[in-house]
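Topology and contacts: notes
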Amino acid sequence: MVQVNKKIISAAKFNPTKKSHQLSITDMCSKILDNKITLPLYQRDLSWNLSKSVALLNYQLFGKAPVAPISINQISDVSTSVPQVSFIDRELIDPKNIDASHQSVVDGQQRLSTNYKAFIDHEDFKNIFLDVSSARFKVVNTNYKDSHIPVGVLLNKEQSVLLDYLSKKKLVEQLYPVLVDVRSKIMSYNYTINIAENLNENEQIEWFEVLNNAGSRVTALQMSFSKLKLHDFDIYTDYV
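Attention here is on the structure that accompanies the text. (Residues numbered from 1 in each chain as written. Predicted model: local features only at pLDDT ≥ 70, side-chain atom pairs only at ≥ 80, totals over all residues. Heavy atoms only, no water.)

1. A word on the packing of helix 2 (residues 25–33) against helix 4 (residues 109–119)
The test is simple: In this analysis, axes come from line fits to C-alpha atoms, helices being fitted only over the stretch in contact, and the angle between any two N-to-C directions falls in the range 0 to 180 degrees. A helix here means a DSSP run of H or I that spans at least four residues, while a strand means a run of E at least two residues long, and both kinds are numbered starting from the N terminus. Note on terminology: angles under 35 degrees are roughly parallel, angles over 145 are roughly antiparallel, angles of 65 to 115 are roughly perpendicular, and the others are oblique. Note on contacts: a residue pair is in contact if any heavy atoms of the two residues lie within 4.5 Å. Each residue receives one of three labels: charged for Asp, Glu, Lys and Arg, nonpolar for Ala, Val, Leu, Ile, Met, Phe, Trp, Tyr, Cys and Pro, and polar for the others, Gly being one of them.
For the pair helix 2 and helix 4, interaxial distance at closest approach is 10 Å and the crossing angle is 80 degrees. Compared by their axis directions, helix 2 and helix 4 come out roughly perpendicular. Note on element contacts: helix 4 touches helix 2 through Leu112, Asn115, Tyr116 and Phe119, opposite Ile25, Thr26, Met28, Cys29, Ser30, Ile32 and Leu33. Here the contact of helix 2 with helix 4 is composed, by residue class, of eight nonpolar, three polar and no charged.

2. Thoughts on the sheet that holds strand 8 (residues 148–150)
Note on sheets: strands pair through backbone hydrogen bonds, and any given pair is parallel or antiparallel. To keep it simple, the criterion reads: Here, any two strands with at least 2 DSSP bridges between them count as paired.
A sheet is described by the order of its strands in space; here three strands give the open sequence 7-6-8, paired in antiparallel fashion. Looking along the sheet, the strands with just one partner apiece sit at the ends: strand 7 (136–139) and strand 8. Across the sheet, the axes of successive neighbouring strands diverge by a mean angle of 40 degrees, strand direction being ignored. As paired elements, strand 6 (residues 128–131) and strand 8 share three bridges and run antiparallel to each other. Along strand 8, the bridge assignment pairs Asp131 with His148.

3. A short note on the packing of helix 3 (residues 50–62) against helix 7 (residues 172–187)
At a minimum axis distance of 9 Å, the contact between helix 3 and helix 7 shows a crossing angle of 100 degrees. Overall, the two elements helix 3 and helix 7 adopt an arrangement that is roughly perpendicular. In this structure, helix 3 uses Gln60, Leu61 and Phe62 to contact helix 7, whose residues at the interface are Val182, Lys185 and Ile186. Counted by class, the contact of helix 3 with helix 7 contains four nonpolar, one polar and one charged residues.

4. A closer look at the layout of surface pockets
Note the following rule: Two kinds of site are reported from a 1 Å grid over the protein atoms alone, namely cavities, where a 1.4 Å probe fits but cannot get out, and pockets, open sets with protein on both sides within 12 Å along at least five of seven lines, and residues are called lining when an atom falls within 4 Å of a point. Grid points are joined across faces, edges and corners, and a volume is the space filled by probe spheres set on the points.
By volume, the second largest pocket amounts to about 170 Å³. Around the second largest pocket, the lining residues are Phe14, Pro16, Lys19, Ile195, Ala196, Glu197, Leu199, Glu203 and Trp207. Looking at the lining of the second largest pocket, the elements that each hand over two or more residues are strand 9 (190–197) and helix 8 (201–213). It is strand 9 that contributes the most residues to the lining of the second largest pocket, three residues altogether.

5. Some points on unusual backbone geometry
Put simply, the rule is: The buried label goes to any residue with under 20% of its type's maximum accessible area, the exposed label to any with over 50%, and the partly exposed label to all in between, with areas taken from a 1.4 Å probe on protein chains only.
The backbone of Asn143 sits at a positive phi, close to 55 degrees, despite the residue not being glycine. Residue placement: Asn143 occurs in the loop between strand 7 and strand 8. Exposure remark for Asn143: the relative accessible area of 62% places this residue in the exposed category. The backbone of Asn198 shows a phi angle near 55 degrees, a positive value even though the residue is not glycine. If you trace the backbone, Asn198 turns up in the loop between strand 9 and helix 8.

6. Quick look at a nonpolar patch on the surface
To keep it simple, the criterion reads: Residues qualify for a patch when their relative accessible area is over 30% and they have no salt bridge, like charges being joined within 9 Å and the nonpolar side chains of Val, Leu, Ile, Met, Phe, Trp and Tyr within 5 Å. Exposure was quantified through the Shrake-Rupley algorithm and a 1.4 Å probe, taking into account, for residues, occlusion by the shown protein chains and nothing else. A side-chain nitrogen of Lys or Arg and a carboxyl oxygen of Asp or Glu constitute a salt bridge if their distance falls within 4 Å.
A cluster of nonpolar residues, Val4, Ile8 and Ile9, forms a patch on the protein surface that exposes about 270 Å² of accessible area. Along the chain, Ile8 falls in helix 1 (residues 6–12). Accessibility expressed as a relative area gives 54% for Ile8, which makes it exposed.

7. Some points on the sheet that holds strand 2 (residues 37–40)
If you walk across this open sheet you meet the six strands as 1-9-3-5-2-4, and the pairing is mixed. This sheet does not close on itself; its edge strands, each paired only once, are strand 1 (21–24) and strand 4 (84–85). Packing of helix 4 onto the sheet brings it into contact with strand 2, strand 3 (70–75), strand 5 (102–107) and strand 9, and relative to strand 5 it is tilted by some 120 degrees.

8. A short note on the side chain of Asn156
For clarity, the cut-off: Under this definition, polar contacts are N or O atom pairs within 3.5 Å; protein pairs additionally need one hydrogen-donor-capable and one acceptor-capable atom, and for neighbouring residues in sequence, both atoms have to be side-chain atoms.
Looking at the element boundaries, Asn156 is found in the loop between helix 5 (151–154) and helix 6 (159–169). Looking at Asn156, its side chain comes within polar contact range of the main-chain nitrogen of Glu158, at 2.9 Å. When residues no more than four places from it in sequence are discounted, the contact partners of Asn156 are Ala118, Phe119, Asp121, Val151, Val161, Arg183 and Met187.

9. Here's the deal with the side chain of Arg111
Turning to its location among the elements, Arg111 is positioned in helix 4. For Arg111, a relative accessible area of 12% translates into the label buried. Here Asp107 takes part through its side chain, which lies 3.2 Å from a polar atom of the side chain of Arg111. Those residues in contact with Arg111 that sit more than four places away from it in its chain are Trp48, Leu56, Val67, Ala68, Pro69, Ile70 and Tyr191.

Here it is as structure tokens:
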């Protein structure tokens, strides 16, 4: 008689995909701004160059299929959570500020950071524009034209920034209606969010490794740093 391990029975009855849901770029960026969505300390630093960020922005506007899901660990038990850092500046989050609704990004930092930098008009994106004449986001370093709309203006957290910009350029009547439609599409663009809950550190790193190494996006050295699980310093800012 074959004895079935209880671990198989338990696993077969648990379906994590039922926790998946959708969240808009606006909602995700607002949560990042309030440090309600953060990064586990083991997450690598930002690696995308401007061309990759521009490619994502163009795909979100013109793409005919959804962008890949974001993978998030929901923290409701702070005692088991990995130390968290904020997006972009990687400031350590005080555990006292982590509540039961806190979300930690296991996979999706580069995509979220791209949208967030536009949302806050970050200095890194000062040369990224939507060219309404050629119908694409692109990097522009010289020869600025009225057809070039700064991404940090177009997708700013405050819609009034776009109106003020066009007013100064005397382009409200000509461009505001279409740019509002573009802004609305991207800001309301939904990502599928795959949720796990209260993964311990080893479980998070296992998920992170499966998601990233499948496409060889994380080097062996970076994964070794992740597995060290060092909490007293940030390997990506203090060493790399």
